[in-house]
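Observations on the model geometry
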Amino acid sequence: MTVDPRLVKNILVVKLRAIGDVLLSTVVLKSLRSAFPEARIDFLTERPSREVVEGNPDLDSVLVFDGRRESGVGLILKVRRRRYDMVIDLFGNPRSALVTLGSGARYRVGYRFGWRKHCYNILTEPRGDQLHNTDFNLDAVRRIGVPVLETLPHFPVSSEANEFAKAFFEKEHLAGKRVVALNPGGGWSTKRWRIPQFAALGDLISKTHNSEILIVWGPGEEKMAAEIQDLMSAKAMLIPPSNLKQLAAILKRCNLLVTNDSGPMHIAAAVGTPVVAIFGPTNPELQGPVGVPSEIVQNEKLVCLGCNYTICPIGNPCMEELGVEEVFAGVGRMLAK
């Protein structure tokens, strides 16, 4: 099916779930806005990822799905009432596919996944195992003939969040100093480098590179962050309780983030902060940071890297056996740049 731009006045982009995945999907928005300058463009995501797209200049509004309070049928009806002419499903799970089908949109764009392909009338071949997630998302707009104008994610940081970060840096006397942030979190336990290793790394960075150490944490991660702080000999600070906008503003002021594969990794890259990224069960060629100088550190002795296991059958050696020296060497290479 060929899209007639004259018939497209109301567009919905769908990307549910993870913060990092939602951020990587924002690469499609500038191209859509350029191709459909008069159209209304909305974005549907889940509550934890709302702030990733709020304030994006190429969006008119953000629709939020809260699975604790809203049924799938209720979501379909909410979308259908808005009478979208085009729905672009960048997620492709059963829920997002059924929402796209139930929208009643003239153009329903999605990927050729199993039975879900029957929910769309414009199909994109999924290449998620071949290219970076940003290009996976851009394939959908290429499929409808939209020229790609932007290949990097965009995270809008509010002035209020910038003021929050500025006040924190001034209070802790961090302005003008080299600040390295550590992020021990990650969506899967198999993606997380261990707490004692992070603590030892923080001590090495503080001593060798004369750096202030910040420890990043999000919901449910404060205990983990505090444990790293307690294990370190050098002084380390936990960032204050922060929403995603505030976290982005803090990371923007840091010289470097050392991180597991996670939402904060992609947020740091989006706001221009260099990254040393620790990878194991995921593939940095497909999910790595984009748009900033970065160093990828992996346990290269293993042949099972990129397995995508959320539970490791052999004890998670990609994280358990990755030495502090290897990650510290990556930090050194990045700071030398």
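Residues numbered from 1 in each chain as written. Predicted model: local features only at pLDDT ≥ 70, side-chain atom pairs only at ≥ 80, totals over all residues. Heavy atoms only, no water.

Before going further, it helps to examine helix α11 (residues 263–270). α11 sits mainly inside the fold: seven of its eight residues count as buried. Those residues of α11 that fall on the buried side of the exposure criterion are G263, P264, M265, H266, I267, A268 and A269. Count one or two residues on from α11 and you reach G272, which has phi positive near 95°. (Buried < 20%, exposed > 50% of the residue type's maximum accessible area, 1.4 Å probe, protein only. Helix = DSSP H or I, 4+ residues; strand = E, 2+ residues; numbered from the N terminus.)

Remark: helix α4 (residues 72–81) packs on helix α5 (residues 94–102), axes separated minimally by 9 Å, with the N-to-C direction vectors making an angle of 40°. Compared by their axis directions, α4 and α5 come out oblique. Crossing handedness for the pair α4 and α5: right-handed. Between α4, through G72, L75, I76, V79 and R80, and α5, the contact on the second element is made entirely by R95, L98, V99 and G102. (Axes fitted to C-alpha atoms, helices over the stretch in contact; angles between N-to-C directions. Parallel < 35°, antiparallel > 145°, perpendicular 65-115°, else oblique. Left-handed = near helix turned anticlockwise from the far one by under 90°. Contact = heavy atoms within 4.5 Å.)

Neither face of strand β11 (residues 275–278) is left uncovered, since the one carrying V275 and A277 and the one carrying V276 and I278 both have all their residues buried. Examined bridge by bridge, strand β10 (residues 256–260) and β11 share four bridges and lie parallel to one another. Residue pairing in the sheet places V258 in a bridge with V276 of β11. Considered for its hand, the β-α-β crossover made up of β10, α11 and β11 is right-handed. One ladder, built from four bridges, connects β11 with strand β12 (residues 294–297); its direction is parallel. Following the sheet pairing, V276 is matched in β12 by E295. (Pairing = 2+ DSSP bridges. Right-handed = clockwise from strand over helix to strand, strands pointing away.)

Another aspect to go through is the layout of surface pockets. Counted as a void, the largest pocket has a volume near 1300 Å³. Around the largest pocket, the lining is made up of 47 residues, and of these A18, I19, G20, D21 and G263 lie nearest the centre. Looking at the lining of the largest pocket, the elements with two or more residues in it are α1 (19–25), α3 (50–53), α6 (133–143), α10 (244–252), α11 and α12 (284–287). Among the elements that line the lining of the largest pocket, the one with the most residues is α1, at four residues. The residue makeup of the lining of the largest pocket, split by class, is 20 nonpolar, 16 polar and 11 charged. (1 Å grid on protein atoms, 1.4 Å probe; cavity = no way out; pocket = protein on both sides within 12 Å on 5 of 7 lines; lining within 4 Å. Points joined across faces, edges and corners; volume = space filled by probe spheres on them. Nonpolar A, V, L, I, M, F, W, Y, C, P; charged D, E, K, R; others polar.)

Here L90 shows up in the loop between β4 (86–89) and α5. The exposure class assigned to L90 is buried, which follows from its relative accessible area of 0%. For the pair L90 and V141, spaced 51 residues apart in sequence, the C-alpha separation works out to 9.9 Å. Not counting chain neighbours up to four residues away, the residues in contact with L90 comprise V13, V14, K15, S25, V28, Y111, F136, N137 and A140.

Now for the pairing of strand β1 (residues 10–14). Extensive coverage of β1 is indicated by the burial of five of its five residues. Residues N10, L12 and V14 point to one face of β1 and I11 and V13 to the other, with burial holding for every one of them. Pairing between β1 and strand β2 (residues 40–46): five bridges, direction parallel. Residue pairing for β2: N10 is matched across the bridge by R40. As paired strands, β1 and β4 are joined by four bridges and run parallel to one another. From the neighbouring strand, I11 faces β4, where its bridge partner is M86.

Core analysis: the biggest nonpolar cluster contains 91 residues, and L32, M86, L201, L214 and V258 have the highest contact counts within it. It is α10 that contributes the most residues to this core, six residues altogether. Aside from chain neighbours lying at most four places away, what touches L214 is F168, F169, L174, V179, V180, A181, L182, M237, I239, I250 and C254. L63, F65, Y84 and F91 belong to the second largest nonpolar core, which has 13 residues in total. (Core = buried A, V, L, I, M, F, W, Y, C linked by side-chain atoms within 4.5 Å.)

Okay, the sheet that holds strand β5 (residues 107–111) next. The strands that make up a sheet are held in pairs by hydrogen bonds between backbone atoms, and each pair lies either parallel or antiparallel. The six strands lie next to each other as β3-β2-β1-β4-β5-β6, forming an open sheet whose pairing is parallel. At either end of the open sheet lies a strand with only one pairing partner, and these are β3 (61–65) and β6 (122–124). If you compare each strand with its neighbour and ignore which way they point, the axes differ by 20° on average. Pairing between β4 and β5: three bridges, direction parallel. Each bridged residue has a counterpart across the sheet, and for M86 the counterpart in β5 is Y107. Strands β1, β2 and β3 of the sheet are contacted by α4, whose axis makes an angle of about 160° with β3. Sheet strands touched by α5: β1, β2, β3, β4 and β5. Its angle to β4, the strand with the most contacts, is close to 170°.

Everything listed is a geometric property; what it means functionally is a separate question.
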